[in-house]
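# Fold and contact review
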Amino acid sequence: QVQLVESGGGLVQPGGSLRLSCAARGSIFSMGSMGWYRQPPGNQRELVASISSDGSTNYADSVKGRFTISRDNAKNTVDLQMNSLKPEDTAVYYCNAWVYTTPRPITTRYWGQGTQVTVSS
C-alpha cells in the first residue's frame, strides 16, 4: 500500500507565495510521473503541473511563470512552489503519483488527501 502525504497549504494574501510538499510512503519500487491537481469550489479537478521521472515538466497555462514543480527521486517527494498567487488559485490541491510497487512495468495511480489553499485579502 502507498500513501501520499501532503503539507503546506493555508491562507495567503494575493501576490504571496506558498510551497506544497508531497511525500510518497509505503511499498514503493520506483516512482513514475508525479503532479499536482486542484479543485476550485464548484468546479472539476484540473491539472496544475506534472513532472516525469526524467524531470520533464508540464504546466497549466493559468500557472505558467508563477508555479514551479520539482521532485526528489531519492526521497520520493514532489513539491509545488507557488508564487504571485491570485484569488482564482483558491482550491483544494491534490498530489498525484504513478507508482511502481514491483519491478514489473505496471503502475498504480495514487492520490493525496488534499490540502486547502486560500488566496484572499
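One can find the structure itself at the top, above this paragraph.
Structural notes, computed from the coordinates. A quick note: this is a predicted structure, and the numbers were derived from the prediction, not measured. Residue positions are counted from 1 within each chain, in the order its sequence is given. Where totals are concerned, whole chains, interfaces and linings use all residues; where local detail is concerned, this predicted model gives features only for residues with pLDDT of at least 70, and gives and counts side-chain atom pairs only at 80 or more. Side-chain measures were taken over the full set of non-hydrogen atoms in the model, leaving aside hydrogen atoms and water.

## Points about the environment of Thr101
Positionally, Thr101 belongs in the loop between strand 9 (91-100) and strand 10 (107-111). Between the C-alpha atom of Thr101 and that of Leu18, which follows or precedes it by 83 residues, the distance is 31 Å. Any two residues whose heavy atoms approach within 4.5 Å at even a single point are treated as in contact. Here Thr101 is in contact with Val2, Ser27, Phe29, Ile106 and Tyr110, once residues within four sequence places are set aside. Only DSSP runs of H or I with at least four residues qualify as helices, and only runs of E with at least two residues qualify as strands; both kinds are numbered from the N terminus onward.

## Quick word on the pairing of strand 5 (residues 46-51)
At least two bridges found by DSSP between two strands is the condition for calling them paired. Bridging between strand 4 (residues 30-39) and strand 5 involves five bridges; their strand directions are antiparallel. Counted as the bridge partner of Gly35 is Ser50 from strand 5. Turn length for the strand 4-strand 5 hairpin, with the two strands adjacent in sequence and antiparallel, is six residues, and the turn residue Gly42 shows positive phi of about 75°. Where strand 5 and strand 6 (residues 57-59) come together, three bridges link them in antiparallel fashion. Bridge pairing in strand 6 places Ala49 opposite Tyr59. The turn linking strand 5 back onto strand 6 is made up of five residues, and Gly55 within it adopts a positive phi angle of 95°.

## Details of the side chain of Thr77
Looking at where Thr77 falls in the secondary structure, it is placed in strand 8 (residues 77-82). The buried label goes to any residue with under 20% of its type's maximum accessible area, the exposed label to any with over 50%, and the partly exposed label to all in between, with areas taken from a 1.4 Å probe on protein chains only. The class for Thr77 is buried, based on a relative accessible area of 18%. Residue contacts for Thr77: discarding those within four places in its chain leaves Cys22, Ala23, Met34, Ser70, Arg71 and Asp72.

## Observations concerning the sheet that holds strand 1 (residues 2-7)
With antiparallel pairing, the four strands of this open sheet are ordered in space as 1-3-8-7. If you trace the sheet from one side to the other, it starts and ends with strand 1 and strand 7 (67-72), each paired once. Taking each pair of neighbouring strands and ignoring which way they run, the sheet shows an average axis angle of 15°. Here strand 1 pairs with strand 3 (residues 18-26) via six bridges, running antiparallel. The partner of Glu6 across the bridge, within strand 3, is Cys22. An axis is simply a line fitted to the C-alpha atoms; with a helix, the fit covers only the stretch in contact. Between two such axes, the angle follows the N-to-C directions and lies from 0 to 180 degrees.

Structural measurements only, silent on function.
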